[in-house]
Amino acid sequence: MKRTIFLMLAALLSALSASAYAFKVDGIAYNKNGDGKSVYVAYGGDYTGPVTIPERVTYDGATYSVTTIGDYAFSDCTGLTSVTIPSSVNSIGEEAFRGCTGLTSVTIPTSVTEIGYSAFGGTPWYNNQPDGVVYIGKVAYEFKGEMASGTAINIKEGTVSISGYAFYGCTGLTSITIPNSVTSIGEFAFSGCTGLTSLTIPSSVTSIGKSAFSGCTGLTSVTIPNSVTEIGWSAFEGCTGLTSVTFNATNCKSPDRTYEAWFQDCPLTSLVIGNDVKSIPSCLAYYQTRLTTVTIPNSVISIGWYAFVGCTGLTSVTIPNSVTEIGYSAFYGCTGLTSVTIPNSITTIRDDTFKGCTGLTSITIPNSVTEIGWSAFKGCTGLTSVTIPNSVTEIGDMAFEGCTGLKKIYSLNPVPPVIYEGTFETYHTDLFVPKGCYLKYKEAEYWKNFTFISEINVETGDIDGDGEINVGDVTAHINKLLNAASYDDAVCDINGDGEVNVTDVTSLINMILE
């Protein structure tokens, strides 16, 4: 019922917006496309008998190519008996010929690669098509008739697209074979196919429409190929059996809003990100609470906003040095995370990035970071100490608000970074600053509110800057050598040979043992 009302409203709004046309030639209404060089057939004509749509049309001294039959262009033209579509046309809009009760003959060229929902609904021409998959041009348009339980379908070779709603609600469908010629899968194409247990998306596919596989409760795994550049909102929403996703799309556009997340209400336990993926899209693992581990490959350069928000089962994550940008709220609410190492390729920790990660007890902020955003670590109640490297010049408001377990703050910049009144939960935390910088901090806005400020030596060997040389510094040095953390070479060159390498680790251990 909701779907019916939605479609009726959409049809009404689209019909109203399509009713205006720019001009008519030989009784056919046209509107210009965005390129200004081509046109589409628009709603507004009153067609009877046979109609032949020309490849080109001339109006007011200009000639335009006819490329599209627009939404509702011929809808409810009950006197229309036949239509011939030229090879210049590549798409037919939603309900373009719906309700043309006299339409018995349609000539459609192979140039047509996209056909909208119910484009030929209620026409004798469509009603006379044999049951099964109806192909129009190079499009798998719709499954006609009743589908038997246990049906397996092979889309024929040469098909370029699968129309929206083509197999909507076909509960008898158990497997679908899509050939390498298909480039797009339309919206709601397989929505509600609860019996579908097998799905292979070929590497020719570049776009998957909104809700294309929503409600396919029988699916247990899916692989998104590297060719996909766009996925419509809620594409796999409600696939309650889907536990495993392999995401190989190298550079796929992100959803625009959180409610458009592709895998909502899917109980993922495995998410594999392919080795060629450059960007992890926003909301990829949105509230996937059963996900316990994820490996981010070295090919990734950016992690989208809300990418892993609410993944409460994640316990650790390693972000490789290839990553130069982490979107805001990327790990917001990952309460199971206990430690995170931020690579030295990151310059900004954005707003809310680790907000609410209550299990986080250790965080390594590299010297590459110059700014820590608002609420970046807000509510990280497990943090007991934090070292802010000398590269940081600004810490946003509420960055460490609600970090009730924070007992020690090490700020290593000789010039106090800009902070705000609410940057820290309390000013009663112990604050350690570089030797000779006490007065600078005691006079700096908001830093001066700390009740205890103590100077420490930032010296060779004290790699983590906590004022002591101990086993923690050995761990920090090893992390630097592994490119898992960034520290000043000056404090890491233990033996003074001008190089930072494994011999310095040996020298550091000897220093601790003395």
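Residues numbered from 1 in each chain as written. Predicted model: local features only at pLDDT ≥ 70, side-chain atom pairs only at ≥ 80, totals over all residues. Heavy atoms only, no water.

Enquirer: Quick one: what's the story with the nonpolar core, residue by residue and with numbers?
Expert: In this structure, Phe 167 and Phe 308 are the most contacted members of the largest nonpolar core, which totals 100 residues. When contributions to this core are tallied by element, the ones reaching two or more residues are strand S12 (139-144), strand S15 (173-177), strand S19 (221-224), strand S21 (244-247), strand S22 (270-273), strand S31 (385-388) and strand S34 (430-434). Grouped together as the second largest cluster of nonpolar side chains are 38 residues, Tyr 47, Ile 69, Val 83 and Ile 136 included. (Core = buried A, V, L, I, M, F, W, Y, C linked by side-chain atoms within 4.5 Å. Buried < 20%, exposed > 50% of the residue type's maximum accessible area, 1.4 Å probe, protein only. Helix = DSSP H or I, 4+ residues; strand = E, 2+ residues; numbered from the N terminus.)

Enquirer: I'd love a proper account of the sheet that holds strand S16 (residues 184-185), names of residues and values included.
Expert: Taking strand neighbours across the sheet as the criterion, the six strands line up as S11-S12-S14-S16-S18-S20 in an open arrangement whose pairing is mixed. In the strand order of this sheet, the two ends are held by strand S11 (132-136) and strand S20 (230-231), each with one partner. Sheet analysis places S11 next to S12, joined by five bridges and oriented antiparallel. Bridged to Gly 132 within S12 is Lys 144. (Pairing = 2+ DSSP bridges.)

Enquirer: Can you lay out the packing of aromatic side chains for me, pointing to particular residues and giving the numbers?
Expert: Counted by the stated rule, this structure contains 36 aromatic pairs. Taking 4.9 Å as the distance between ring centres and 55° as the angle between the ring planes, the aromatic pair formed by Phe 120 and Trp 125 counts as tilted. The class of Phe 120 is buried, set by a relative accessible area of 0%. Judged by its relative accessible area of 13%, Trp 125 is buried. Arranged with centres 5.7 Å apart and planes meeting at 85°, the rings of Trp 305 and Tyr 306 form a pair that is edge-to-face. Among the aromatic residues, those joined into a ring-pair cluster are Phe 308, Phe 331, Phe 354, Phe 377, Phe 400, Phe 424, Tyr 427, Tyr 441, Trp 447 and Phe 450. Sitting over the ring of Tyr 135, Lys 156 keeps its end group 4.5 Å from the ring centre. (Phe/Tyr/Trp six-rings, centres within 6.5 Å; stacked < 30°, edge-to-face > 60°. Lys NZ or Arg CZ within 6 Å of the ring centre and 35° of its normal.)

Enquirer: I'd love a proper account of unusual backbone geometry, names of residues and values included.
Expert: Only a minority of non-glycine residues have a phi that is not negative, and only a minority of peptide bonds are not trans. Of note in the backbone geometry, Ser 211 takes a positive phi value of approximately 55° without being a glycine. Here Ser 211 shows up in the loop between strand S18 (207-208) and S19. Phi is positive for Ser 329, close to 60°, though the residue is something other than glycine. Of note, Ser 329 is situated in the loop between strand S26 (325-326) and strand S27 (339-341). For Ser 329, a relative accessible area of 1% translates into the label buried.

Enquirer: Describe the side chain of Asn 413, naming the residues involved and giving the relevant values.
Expert: For Asn 413, the location among the structural elements is in the loop between strand S33 (408-411) and S34. If we skip the residues at most four places from it in the chain, Asn 413 touches Pro 389, Asn 390, Val 392, Thr 393, Pro 434 and Tyr 441. (Contact = heavy atoms within 4.5 Å.)

Enquirer: Go over the pairing of strand S5 (residues 56-59), please, and point to the residues and values.
Expert: Examined bridge by bridge, S5 and strand S6 (residues 62-69) share four bridges and lie antiparallel to one another. Of the residues in S6, the one forming a bridge with Thr 58 is Thr 63. In sequence, S5 turns back onto S6 through a hairpin of two residues, with Asp 60 there showing a positive phi of about 50°.

Enquirer: Which residues make up the packing of helix H4 (residues 471-481) against helix H6 (residues 502-513), and what are the values?
Expert: The angle between the axes and the distance between the axes are what describe a pair of packed helices. H6 packs onto H4 with a crossing angle of 180° between their chain directions and a minimal axis gap of 10 Å. The angle between H4 and H6 falls in the class roughly antiparallel. Every residue of H6 that contacts H4 at Val 471, Asp 473, Val 474, His 477, Ile 478 and Leu 481 is listed here: Val 502, Asp 504, Val 505, Leu 508, Ile 509 and Ile 512. Of the residues in the contact of H4 with H6, the class split is nine nonpolar, one polar and two charged. (Axes fitted to C-alpha atoms, helices over the stretch in contact; angles between N-to-C directions. Parallel < 35°, antiparallel > 145°, perpendicular 65-115°, else oblique. Nonpolar A, V, L, I, M, F, W, Y, C, P; charged D, E, K, R; others polar.)

Enquirer: Can you break down the sheet that holds strand S32 (residues 394-395) residue by residue, with the values?
Expert: The strand order across the open sheet built from three strands is S28-S30-S32, with neighbouring strands paired in parallel fashion. Single-partner strands in this sheet number two, and they are strand S28 (348-349) and S32. Bridge count for S28 against strand S30 (residues 371-372) is two bridges, and the pairing is parallel. Bridged to Ile 349 within S30 is Ile 372.

Worth remembering: the numbers are spatial, not functional.
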